[in-house]
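Observations on the model geometry
Next come the chains, spelled out residue by residue.
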Amino acid sequence: YCDKSSQNYYYFHRETNATQWEKPILDEGVILLGIAYGTGKEYVIEEGSAVESDNENEQMILDKDDEAVKVGDDTFSITENKDPSSLTATSDFNVPQMILDKDDEAVKAGNDTFSIIEKENPSISTATSDFNSQEVLDWYKDSYWRWNHPYRIAEGTEVWGGVDVPVFWRVPLSGATTVEQIITHCYHMIVAGTTGTSKDGKAVRSQNISEHLSVLTLDNGAHYLNIDMSTKEGIQTAKKAGLGQSGVADVILTRYLYNVAELFKDTGHTGRCFTILRHPIERAVSMFHNLKRNGVKAVSGMTIEEYANSSVVEDNWMTRMITDTMEGKVTQQHLQAAKEVIGRKCLVGLLSQMSESLERFAKFFRWEEIKSINTRHGDITSKEKDSEGKRKCFRNLVEKGVNRHQYAQFTKTSKVWKYLEEKNVYDMELYEYAEAMYHKQKVVYQEDE
């Protein structure tokens, strides 16, 4: 297939749903097909032939950065080792790897696209709990398309057989309101869900929510669906309304990434997760000031140090939300599942890299190409003028932000940092993993040179 965004060709394995940029080695009986542009008709490019192996137990090819481990241990992960001239992102750190899921298979020896890597750290806790990490992974498996797969749009349905719906995972106090403003006011997209804190959000919440989808156009020209994605009940209503397969929403915005997966079950369509993450300590400090600013009695009279050491403070919010575990204790099993979801399913953005993150998203999801139903800017007659206006609005909001506040910073040796770190030990590790993924994902935004 040809990825229209990069104009690069890639290969799709129908039985495993795996994709890769390099031409695969064809086993005997395997056929490489091409798809005729426009008609979608298939034709044979090449047929595989038998290849003799010099090794009775063929080994995976390891690149110089990988450590060899014993073959046959089914706890090993696999990672893509792209050719440096094509897809490998340059970095000075090791990206945390993912545990194999049921749908993963080791690639045949001789294909250096994949290699086996060091298995799970034995120091990770295996505490017994009722939590089943595999059930969580299975829940996400067919509902969200993988981040390293090309973006599927409506124009390609005759080839793809499904469409990706961008789902923004809203982590509170992490730039979500700015993202919402850019999506609605710069690119004039139809949005399902709102943070609810902005004027737009409050206006949408005041409308009648129903099981019959309709577009609400606010006085300022923003477009929202009459759907509430801020509660689990609202998501169930959205499911009854057929939001997942409707094709009406340009973007779904919600904090309930786990629950939104249900919208795409048995629809043939999938969600495409993207998010902006913030360092857990910074977010916790911001949360304290936000609660204070809104007059929440639970923190009335508290200092930041008292808050950090109290039961009021959030603990491991990201890990809990991804695994749908808002009550009880979370363990290393929850963390590992959350890592896998982020590592497989989400395009990661960072608040500390807000401008670059949003530029990445705009490019990947082709925001400038989206046809707007905006009625407020009816005087825009040319595509060039429309694009110029979108970019100007984008840059302005990225620079100024929405609801942006400055707070005192705390060092790692301070009591506040230590208290908050103890309460968010799993989110701290998850964030470090996400940071590594952010750099690794650079490859999906690079232009073909």
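Predicted model only: the values in this text are computed from it and were never measured.

1. Here we look at the packing of aromatic side chains
- The tally for this structure, following the rule as stated, stands at 16 aromatic pairs.
- Seen from their ring centres, tyrosine 151 and phenylalanine 365 are 5.1 Å apart, and the 90° between their planes marks the pair as edge-to-face. Of the two residues, tyrosine 151 is situated in the loop between helix 1 (133–141) and helix 2 (157–160) and phenylalanine 365 in the loop between helix 12 (354–364) and helix 13 (383–400); the sequence distance between them amounts to 214 residues.
- Its relative accessible area of 2% is what places phenylalanine 365 among the buried residues.
- Here the aromatic rings of phenylalanine 364 and phenylalanine 365 are separated by 5.1 Å at their centres, their planes lie at 90°, and the arrangement is edge-to-face.

2. Quick word on the pairing of strand 13 (residues 251–254)
- Residue alternation in strand 13 divides its side chains into two sets, Val251 and Leu253 and Ile252 and Thr254, and both sets are buried.
- Where strand 9 (residues 164–169) meets strand 13, three bridges bridge the pair, whose relative direction is parallel. Bridged to phenylalanine 168 within strand 13 is leucine 253.
- Two elements, strand 10 (residues 190–192) and strand 13, share two bridges in a ladder whose sense is parallel. Paired with alanine 192 across the bridge in strand 13 is isoleucine 252.

3. Comments concerning the sheet that holds strand 13
- Pairing within the open sheet is mixed, and its seven strands lie in the order 11-12-10-13-9-14-15. Looking at the sheet topology across the chains shown, the edges are occupied by strand 11 (215–217) and strand 15 (346–350). Pairwise comparison of adjacent strand axes, ignoring direction, gives a mean angle of 30° for this sheet.
- Of the strand pairs in this sheet, strand 11 and strand 12 (residues 223–225) are connected by three bridges, and their pairing is antiparallel. From the neighbouring strand, leucine 216 faces strand 12, where its bridge partner is tyrosine 224.
- Contacts from helix 12 reach strand 14 (270–277) and strand 15, with the element oriented near 150° to strand 15.

4. Description of unusual backbone geometry
- The phi angle at asparagine 316 is positive, at roughly 55°, despite the residue not being glycine.
- Note that asparagine 316 resides in the loop between helix 9 (304–308) and helix 10 (317–323).
- For aspartate 324, which is not glycine, the phi dihedral falls at a positive 55°.
- Inspection of the secondary structure assignment puts aspartate 324 in the loop between helix 10 and helix 11 (332–345).
- You can call aspartate 324 partly exposed: its relative accessible area is 30%.

5. Focus: the pairing of strand 15
- Burial within strand 15 is extensive, with five of its five residues counted as buried.
- Here strand 15 shows no split at all, with Cys346, Val348 and Leu350 on one side and Leu347 and Gly349 on the other all buried.

6. Digging into the pattern of salt bridges
- Summed over all chains, the structure comprises nine salt bridges.
- Arginine 320 serves as the salt-bridge partner of aspartate 315, at 2.9 Å between the closest nitrogen and oxygen.
- Overall, the relative accessible area of 7% leaves arginine 320 in the buried class.
- Of the charged contacts in the structure, one is a salt bridge between glutamate 340 and arginine 344, with a shortest N-O distance of 2.9 Å. Linking glutamate 340 with arginine 344, this pair stays in helix 11, spanning four residues, or about one helical turn.
- Judged by its relative accessible area of 4%, glutamate 340 is buried.
- Judged by relative accessible area, arginine 344 falls into the buried class, the value being 6%.

7. Section: the side chain of lysine 345
- Mapped onto the elements, lysine 345 comes out in helix 11.
- Residue lysine 345 is classed as buried on the basis of its relative accessible area, which comes to 7%.
- A distance of 2.8 Å separates a polar side-chain atom of lysine 345 from the backbone oxygen of tyrosine 144.
- If near-sequence neighbours (up to four positions away) are discounted, lysine 345 is found in contact with Tyr140, Lys141, Tyr144, Trp145, Arg146, Trp147, Cys273 and Glu340.

8. What to know about helix 15 (residues 425–440)
- With 16 residues, helix 15 ought to run about 22 Å at 1.5 Å a step, and its terminal C-alpha atoms sit 23 Å apart, in line with that.
- Within helix 15 the residues assigned to the buried category are Tyr426, Asp427, Met428, Leu430, Tyr431, Tyr433, Ala434, Ala436, Met437 and Tyr438.

9. Topic: helix 1
- Of all the residues in helix 1, the buried ones are Val136, Leu137 and Tyr140. Buried positions in helix 1, seen along its axis, are confined to an arc of 95° and lie on one side of it.
- Buried-residue contacts for helix 1 involve helix 7 (257–260), helix 10 and helix 11.

10. A few points about the packing of helix 8 (residues 280–293) against helix 14 (residues 415–423)
- Here helix 8 crosses helix 14 at 105°, and the two axes come no closer than 10 Å. Comparing the axis directions of helix 8 and helix 14 gives the class roughly perpendicular. Taken together, the residues of helix 14 that come into contact with helix 8 (itself represented by Ile281, Ala284 and Val285) are Trp417, Leu420 and Glu421.
- By residue class, the composition of the contact of helix 8 with helix 14 is five nonpolar, no polar and one charged.

11. Quick look at the nonpolar core
- Grouped together as the largest cluster of nonpolar side chains are 81 residues, with contacts concentrated most on Trp169, Met229, Ile252 and Trp367.
- Sort the elements by how many residues they give to this core and helix 15 lands first, with seven residues.
- Formed by 17 residues, the second largest nonpolar core is a distinct cluster that contains Ile281, Leu291, Met302 and Val313.

12. Details of the state of the cysteines
- Here the structure, examined in full by the defined rule, presents two disulfides.
- Between the sulfur of cysteine 186 and that of cysteine 393 lies a disulfide, 2.1 Å long from S to S. Between cysteine 186 and cysteine 393 the disulfide shows an S-S torsion of about -75°. By sign, it is left-handed. Residue cysteine 186 is found in helix 3 (residues 176–186), and its partner cysteine 393 is found in helix 13; the two are separated by 207 residues along the sequence.
- The class of cysteine 186 is buried, set by a relative accessible area of 2%.
- Residue pairing for cysteine 273: its cysteine sulfur links by disulfide to cysteine 346, the two sulfurs lying 2.1 Å apart. Handedness of the cysteine 273-cysteine 346 disulfide follows from its S-S torsion of about 90°: it is right-handed. Pair noted here: cysteine 273 is in strand 14 and cysteine 346 is in strand 15, with a separation of 73 residues, a long-range link.
- Each bonded cysteine of the protein is numbered by sequence order, and under that numbering the disulfide pairs are 1-4, 2-3.

Each value, and the rule that gives it
- Residues numbered from 1 in each chain as written.
- Predicted model: local features only at pLDDT ≥ 70, side-chain atom pairs only at ≥ 80, totals over all residues.
- Heavy atoms only, no water.
- Phe/Tyr/Trp six-rings, centres within 6.5 Å; stacked < 30°, edge-to-face > 60°.
- Helix = DSSP H or I, 4+ residues; strand = E, 2+ residues; numbered from the N terminus.
- Buried < 20%, exposed > 50% of the residue type's maximum accessible area, 1.4 Å probe, protein only.
- Pairing = 2+ DSSP bridges.
- Axes fitted to C-alpha atoms, helices over the stretch in contact; angles between N-to-C directions.
- Contact = heavy atoms within 4.5 Å.
- Salt bridge = Lys/Arg side-chain N within 4 Å of Asp/Glu carboxyl O.
- Polar contact = N/O pair within 3.5 Å; in protein donor to acceptor, adjacent residues only side chain to side chain.
- Expected span 1.5 Å × (residues − 1).
- Arc of directions from axis to C-beta.
- Parallel < 35°, antiparallel > 145°, perpendicular 65-115°, else oblique.
- Nonpolar A, V, L, I, M, F, W, Y, C, P; charged D, E, K, R; others polar.
- Core = buried A, V, L, I, M, F, W, Y, C linked by side-chain atoms within 4.5 Å.
- Disulfide = S-S within 2.5 Å.

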